[in-house]
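One letter stands for each residue in the lines below.
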Amino acid sequence: MSFLANFFNKPAQPECYKLVASLNAYSGSVHALAISNDGHILAGGGTEGIKFWDVQSRKELTCSPHECRGTVSCAVWATTRQTVAETLCYGTGLGYIVFVRCSLIDKTFQEICARRLGSGFEITCLSWHSSADGNIWIAVGTRDKMVQVLILNANLQLQSVFAVQLETTIPKSVAFTDSRDIYVFGLYDGNFMKLNEEGNVIKEINCQSVIGHAAVHQKHGVFVVDNTIDGFTLYHLEGEGESVRSFTMAVPSMSVPKQVVFGEEGKVVIGGSDNGLVYVFDRKTGQIIQTLCHADIGLVQMITGCDLDGRCTIASASPGPGRRKTTIKMWAYNYAAQKVPESPLKNHWSLSSILMILTQLLALLVMSMFLLVNYKDRFFDTAVNHLQYVTLATAADDFSRHVKAAMMFEDYSGIKTEGRTKGHATGDIRLLQELADKLMELA
């Protein structure tokens with residue numbers, strides 16, 4: 001009975017995302033996750049520094065020893081046209097910004113640049129933008145209400161573009177616009193700001209809630225925030241603070257910040273929780289599409305995603321207590337429509353396919369010549385007879401229609417005829433009708 005109940009109570013939506021990896025190689029608490037833009041490498045950071053895994057093989061990659069600069073608080077991958085390897089940029093609780101890149105020689109991750117910013121307050125958020133000249137622009141938010149923009153140039157030197165201190169807003173998330181303006185999301189006051197390239201505030205609205213985390217989707221012109229109360233809220237980038245849609249979860253047992261990201265080219269919203277689940281929402285309807293079980297209970301605060309070639313990959317982690325192993329889980333879903341394999345003839349002409357086509361053409365030619373030589377007279381006679389039949393049938397049909405027309409005219413013309421004249425006219429028409437019927441039978 002329980003089997004039938006479970007069978008008929010299955011959700012209407014199929015389970016799209018499948019668990020592809022469960023990593024237990026990190027000792028301590030994880031506070032940052034980032035998947036490289038090419039989808040090959042997962043970076044995880046926290047109390048034990050930064051670590052890297054190959055996404056496909058699930059193996060931990062080698063990272064050269066470097067100075068411990070505090071707990072990793074956030075991380076992003078950046079790429080340029082001039083460099084083959086991607087660059088990981090991460091911030092720490094002691095205010096250090098660190099750049100790491102994989103060496104093309106020994107395939108180990110090495111620190112290429114590091115700097116402590118300002119007074120050493122915690123770096124709360126990072127974002128990147130690539131310029132045409134090969135430089136990496138980095139927007140940085142720190143706990144002391146500072147927003148800075150830095151450039152890592154081709155010589156691996158860090159240059160400052162601007163630094164501005166906000167009045168009341170502690171930046172929790174930052175994001176570049178296409179024109180290199182900066183979006184800033186405030187942690188406690190719920191402010192959403194837009195800064196120009198000089199650091200001046202050109203727009204400011206309030207989201208009417210605490211912002212635990214935020215994500216921007218430029219193409220759709222929207223951003224989503226963790227409201228730390230009952231889920232996530234969607235807004236227009238060019239709006240005046242009115243919410244577009246809410247993505248509601250189960251009532252939380254505590255108000256804690258949870259990361260949120262867009263997935264599947266902006267079609268879904270993916271966020272953490274305090275009940276061990278990762279939620280996948282439909283952006284347009286707000287409905288829950290799927291829940292992914294990270295753990296039976298507990299916080300799921302770290303979420304990251306990567307869209308590549310129609311495949312969305314999600315990674316999640318929890319800030320585990322003490323020095324116990326922390327589990328990082330990964331799910332994937334091929335959301336793009338599967339393409340039908342093209343036939344070999346459409347892609348290339350192989351020798352076997354050419355020989356097969358030539359053989360078929362030769363057989364068709366031989367068959368045509370045989371029929372033409374042996375059955376030429378019969379084909380000709382059949383064609384002539386068919387032509388004569390069609391001609392006779394057409395003439396008989398025309399003659400029959402004319403006779404019928406004459407009979408209708410004789411019956412309904414209203415012309416008065418007398419004696420033998422009328423009798424001869426009627427008899428002649430009937431005789432013609434009988435002749436027409438004989439002709440139709442012969443045809």
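Placed above this text is the structure.
Residues numbered from 1 in each chain as written. Predicted model: local features only at pLDDT ≥ 70, side-chain atom pairs only at ≥ 80, totals over all residues. Heavy atoms only, no water.

Trainee: Can you break down the overall build of the chain residue by residue, with the values?
Mentor: Scanning the chain from terminus to terminus reveals five helices and 28 strands. The 443 residues of the chain split such that 43% are buried. Across the chain, every contact between residues at least 6 apart in sequence was considered, and the portion connecting residues at least 24 apart equals 46%. For the chain, the exposed area adds up to about 24900 Å²; of that, 57% sits on carbon and sulfur atoms. (Helix = DSSP H or I, 4+ residues; strand = E, 2+ residues; numbered from the N terminus. Buried < 20%, exposed > 50% of the residue type's maximum accessible area, 1.4 Å probe, protein only. Contact = heavy atoms within 4.5 Å. Areas by Shrake-Rupley, 256 points an atom, 1.4 Å probe, with all protein chains shown as cover.)

Trainee: For the nonpolar core, give the residues involved together with the corresponding values.
Mentor: Counting residues in hydrophobic clusters, the biggest one holds 16 residues, and the most contacted among them are Ile-97, Phe-99, Leu-126, Ile-138 and Val-140. Elements represented by at least two residues in this core include exactly strand 6 (72-78), strand 8 (96-102), strand 10 (123-130), strand 11 (136-142) and strand 12 (146-152). With sequence-adjacent residues up to four places away left out, Ile-97 is seen in contact with Cys-89, Tyr-90, Cys-113, Ala-114, Arg-115, Leu-117, Ile-123, Leu-126, Ile-138, Val-140, Leu-150 and Leu-158. (Core = buried A, V, L, I, M, F, W, Y, C linked by side-chain atoms within 4.5 Å.)

Trainee: Hey, could you go over the packing of aromatic side chains for me, with residue numbers and the actual values?
Mentor: Taken as a whole and judged by the stated rule, the model has 13 aromatic pairs. Geometrically, the ring pair formed by Trp-77 and Phe-109 is edge-to-face, given 6.4 Å between the ring centres and 70° between the ring planes. Taken as a pair, Trp-77 in strand 6 and Phe-109 in strand 9 (residues 109-116) lie far apart in primary sequence, 32 residues in all. For Phe-109, a relative accessible area of 1% corresponds to the buried category. Taking NZ or CZ as reference, Arg-69 lies 5.4 Å from the ring centre of Tyr-96, over its face. (Phe/Tyr/Trp six-rings, centres within 6.5 Å; stacked < 30°, edge-to-face > 60°. Lys NZ or Arg CZ within 6 Å of the ring centre and 35° of its normal.)

Trainee: Got a sec to walk through the side chain of Ser-273? Specific residues and values, please.
Mentor: Note on placement: Ser-273 falls in the loop between strand 23 (268-271) and strand 24 (277-282). Using a relative accessible area of 1% as the deciding quantity, one classes Ser-273 as buried. Of note is the side chain of Ser-273, whose polar atom sits 2.6 Å from the backbone oxygen of Leu-277. Contacts of Ser-273, omitting those with residues within four sequence positions, involve Met-249, Lys-258, Tyr-279, Gly-298, Leu-299 and Val-300. (Polar contact = N/O pair within 3.5 Å; in protein donor to acceptor, adjacent residues only side chain to side chain.)

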